[in-house]
Amino acid sequence: WLKPSLLRACSWYFPIEFRSLQPMQVAVLSVNGEEVATLSAGPSWGLSEVLTAVQEQYAVAPGARIQIFHGLSPLLAHASFADIGVTEDSHLTMVVLPPRRVVTASSDGTARLWDATSGECLHT
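Every value quoted in this text rests on a predicted model; they were computed, and no experiment measured them. (Residues numbered from 1 in each chain as written. Predicted model: local features only at pLDDT ≥ 70, side-chain atom pairs only at ≥ 80, totals over all residues. Heavy atoms only, no water.)

1. With respect to the pattern of salt bridges
For the structure shown, the criterion picks out one salt bridge. The salt bridge partner of Asp-115 is Arg-101, with a shortest N-O separation of 3.2 Å. Separated by 14 residues along the polypeptide, Asp-115 in strand 7 (residues 111–115) and Arg-101 in strand 6 (residues 101–105) bring together distant segments of the chain. (Salt bridge = Lys/Arg side-chain N within 4 Å of Asp/Glu carboxyl O. Helix = DSSP H or I, 4+ residues; strand = E, 2+ residues; numbered from the N terminus.)

2. Some details on the sheet that holds strand 3 (residues 65–70)
Here five strands make up an open sheet; going across it, the order is 2-1-5-3-4 and the pairing mixed. Because the sheet does not close on itself, it has two edges, and the strands there are strand 2 (35–41) and strand 4 (73–74). With two bridges connecting them, strand 3 and strand 4 associate as antiparallel partners. Counted as the bridge partner of Phe-69 is Pro-74 from strand 4. Of the strands in this sheet, strand 1 (24–30), strand 2, strand 3 and strand 5 (91–97) touch helix 3 (residues 47–57), which is tilted by about 130 degrees from strand 2. (Pairing = 2+ DSSP bridges. Contact = heavy atoms within 4.5 Å. Axes fitted to C-alpha atoms, helices over the stretch in contact; angles between N-to-C directions.)

3. Quick notes on the sheet that holds strand 8 (residues 121–123)
Reading across from one edge, 6-7-8 is the order of the three strands in this open sheet, with antiparallel pairing throughout. Looking at which strands have only one partner, the edges of the open sheet turn out to be strand 6 and strand 8. The mean inter-strand angle of the sheet, taken between neighbouring strand axes irrespective of direction, is 40 degrees. As paired strands, strand 6 and strand 7 are joined by five bridges and run antiparallel to one another. If you follow Val-103 over to strand 7, its bridge partner there is Leu-113.

What follows is the structure, encoded as structure tokens:
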């Protein structure tokens with residue numbers, strides 16, 4: 001209901017407890033610096049909230065693994081933005097890793113491609 005810019009301009013008037021409840025704008029960038037998502041997030045946001053918001057704005061290949069960093073600090077499952085120092089106008093870096101795959105071959109000349117996470121045979 002109050003814009004963050006107005007809240008910052010009047011920070012002398014609002015107590016810190018009130019200001020910490022306001023959403024902050026955080027940009028998510030790819031490794032090459034392209035902005036892939038903009039988040040309006042709170043300091044309590046964790047990895048699951050970030051991944052959900054990013055996937056609403058950016059298409060990620062099925063099975064791909066995503067890691068989020070603030071500087072050199074990874075956003076781990078148990079951590080929040082506040083824990084790793086994310087503040088208003090911070091930039092996060094998103095690293096997209098390919099799905100985990102395993103190839104096997106047998107003496108009968110067949111080869112199979114497996115999903116290493118689920119154990120599902122993807123191709124023979």
